[in-house]
Amino acid sequence: MTEFSASRRAVVFVHGLWLHADSWTPWMDRFAEAGYDPHNPGWPGAPATVAEAREHPELAGGVGIDDVVAHYADVLDGLYVDGLDPRPVVVGHSFGGLVAQRLLTEDRVAAAVAIDPAPLRGNILLPPSSLRVAAVALTTPASFRGTVALTPEEFRYGFANELSDDEAAALYDQWTIPSPGRPLFEDAAANLLPGSPARVDTRDADRGPLLFIGGGMDHTAPASLTRTSARIHRKHSGAVTDLVEFPDRGHSLTIDHGWAEVADAALAWLKEKGL
């Protein structure tokens, strides 16, 4: 983690399942060039490198959504001194997008960008493609306390369906890691449990602005889920809730050849909001 500079607004990047935190490296460079102070801490228990994460998958086992939110809340507390520093913003992908919404509505950040986010409690859509991706954990009860890795074929379907075979294989080799299965179980049961960790306070009228970014060809978190999450926020709160869609992009939109277009959309939105 880089040293925080009070003259620059911190941006914390939150990855989702099956991608290592270092997959944000190009975004870190892009945001630093734009004047921000970027940070990409991994999830609790996640090793520092892709190789270590693959060698020791047990280290991340059992981690749930609340654990991830608390972990990033602690990171944010270390970056912000009230009255002295600009409040940080958070950018999250997939389950990181759900975590970003919770951090925003729990008053931890000034703004949030949720990219292809996992569905929040209240989102009752259940696309078949999402079920197929989640089934890699949900069909194995032991995954609740352990970790699950994607095969190249599963990554191809869930993340890289819009990419060439060569690019899909390269991204799989470069960034994929085993991840805890617990968040998938928690999200699957979200609408059955009032206290679900997938809950987000969508009635928070005082929160900062929120941008949703959706990939129109995403199999893991289809754009229909992203649009519905945005509608839930807008229905319950007058706070700024914006939506941008990339109709020809899949779940890999933060790491594939077109990542810069997505990053620039997030940067433009932050600048538009004066952040």
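Thresholds applied
- Residues numbered from 1 in each chain as written.
- Predicted model: local features only at pLDDT ≥ 70, side-chain atom pairs only at ≥ 80, totals over all residues.
- Heavy atoms only, no water.
- Phe/Tyr/Trp six-rings, centres within 6.5 Å; stacked < 30°, edge-to-face > 60°.
- Helix = DSSP H or I, 4+ residues; strand = E, 2+ residues; numbered from the N terminus.
- Buried < 20%, exposed > 50% of the residue type's maximum accessible area, 1.4 Å probe, protein only.
- Lys NZ or Arg CZ within 6 Å of the ring centre and 35° of its normal.
- Axes fitted to C-alpha atoms, helices over the stretch in contact; angles between N-to-C directions.
- Parallel < 35°, antiparallel > 145°, perpendicular 65-115°, else oblique.
- Left-handed = near helix turned anticlockwise from the far one by under 90°.
- Contact = heavy atoms within 4.5 Å.
- Nonpolar A, V, L, I, M, F, W, Y, C, P; charged D, E, K, R; others polar.
- pLDDT = per-residue confidence, 0-100.
- Core = buried A, V, L, I, M, F, W, Y, C linked by side-chain atoms within 4.5 Å.
- Arc of directions from axis to C-beta.
- Pairing = 2+ DSSP bridges.

K.L.:
Before we move on, can you summarise the packing of aromatic side chains with the specific residues and values?
P.N.:
What the rule picks out here adds up to nine aromatic pairs. An angle of 20° between the planes, with centres 6.2 Å apart, marks the rings of Trp-27 and Phe-31 as stacked. Placement of the pair is Trp-27 and Phe-31 together in helix α1 (residues 25-33), with a separation of four residues, close to one helical turn. Consider the rings of Phe-155 and Phe-159, whose centres lie 5.1 Å apart with planes at 15°: the pair is stacked. Judged by relative accessible area, which is 1%, Phe-159 ranks as buried. Cluster of aromatic residues (ring-pair linked, three or more members): Phe-13, Trp-24, Trp-27, Phe-31 and Tyr-36. One residue, Arg-132, lies across the ring of Tyr-157, its end atom 3.7 Å from the ring centre.

K.L.:
Tell me about the packing of helix α3 (residues 65-77) against helix α4 (residues 95-105), residues and numbers included.
P.N.:
Between two packed helices, what matters for the description is the angle formed by their axes and the separation of those axes. Across the interface, α3 lies against α4 with an axial gap of 10 Å and an inter-helix angle of 60°. Relative to α4, the element α3 is oriented oblique. Every pair of crossing elements has a handedness; the one defined by α3 and α4 is right-handed. Contact residues: α3 offers Ile-65, Asp-66, Val-68, Val-69, Tyr-72, Ala-73 and Leu-76, while α4 offers Phe-95, Leu-98, Val-99, Arg-102 and Leu-103. Among the residues making up the contact of α3 with α4, the classes are represented as ten nonpolar, no polar and two charged.

K.L.:
Go over the confidence of the model for the protein chain, please, and point to the residues and values.
P.N.:
For the protein chain, per-residue confidence averages 92 on the pLDDT scale, and residues scoring 70 or more make up 97% of the total. For the stretch residues 1-5, pLDDT sits under 50, and the model shows 13 contacts to residues farther than four places along the chain or on other chains.

K.L.:
Talk me through the packing of α1 against helix α10 (residues 259-272); I want residue IDs and the actual numbers.
P.N.:
Between α1 and α10, the shortest axis-to-axis distance is 10 Å and the interhelical angle comes to 40°. With respect to α10, the element α1 is oriented oblique. Where α1 crosses over α10, the handedness of that crossing is right-handed. For the pair formed by α1 and α10, the contact residues are Pro-26, Trp-27, Arg-30 and Phe-31 on the first element and Trp-259, Ala-260, Val-262, Ala-263, Asp-264, Ala-266, Leu-267 and Leu-270 on the second. Of the residues in the contact of α1 with α10, the class split is ten nonpolar, no polar and two charged.

K.L.:
Describe the nonpolar core, listing the residues and the values that go with them.
P.N.:
With 56 residues, the main nonpolar core has Trp-18, Trp-43, Phe-95, Leu-98, Leu-103 and Phe-155 as its most contacted residues. Sort the elements by how many residues they give to this core and α3 lands first, with seven residues. The residues contacting Phe-155, other than those within four sequence positions of it, are Leu-19, Leu-150, Ala-160, Ala-168, Leu-171, Tyr-172, Thr-176 and Ile-255. Ala-111, Leu-211, Leu-253 and Leu-267 belong to the second-largest nonpolar core, a separate cluster that totals 27 residues.

K.L.:
I'd love a proper account of helix α7 (residues 165-175), names of residues and values included.
P.N.:
Among all positions of α7, only Glu-167, Ala-168, Leu-171, Tyr-172 and Trp-175 are buried. Down the axis of α7, the buried side of the element spans an arc of 135°, and every buried residue falls inside it. In α7, the exposed residues that point more than 90 degrees away from the buried face are Asp-165, Asp-166 and Asp-173. Contacts from the buried residues of α7 go to α2 (50-55) and α6 (152-158).

K.L.:
Give a description of the sheet that holds strand β2 (residues 37-39) that names residues and reports values.
P.N.:
The six strands are arranged β2-β1-β3-β4-β7-β8 in an open sheet whose pairing can be described as parallel. At either margin of the open sheet sits one strand with a lone partner, and together these are β2 and β8 (241-246). Taken over all neighbouring pairs, the strand axes of this sheet differ in orientation by 15° on average, direction set aside. Two elements, strand β7 (residues 210-215) and β8, share six bridges in a ladder whose sense is parallel. Bridge assignment links Phe-212 to a residue of β8, and that residue is Leu-243. Packing against the sheet, helix α9 (residues 223-236) makes contact with β7 and β8, and its axis sits at approximately 170° to β8.

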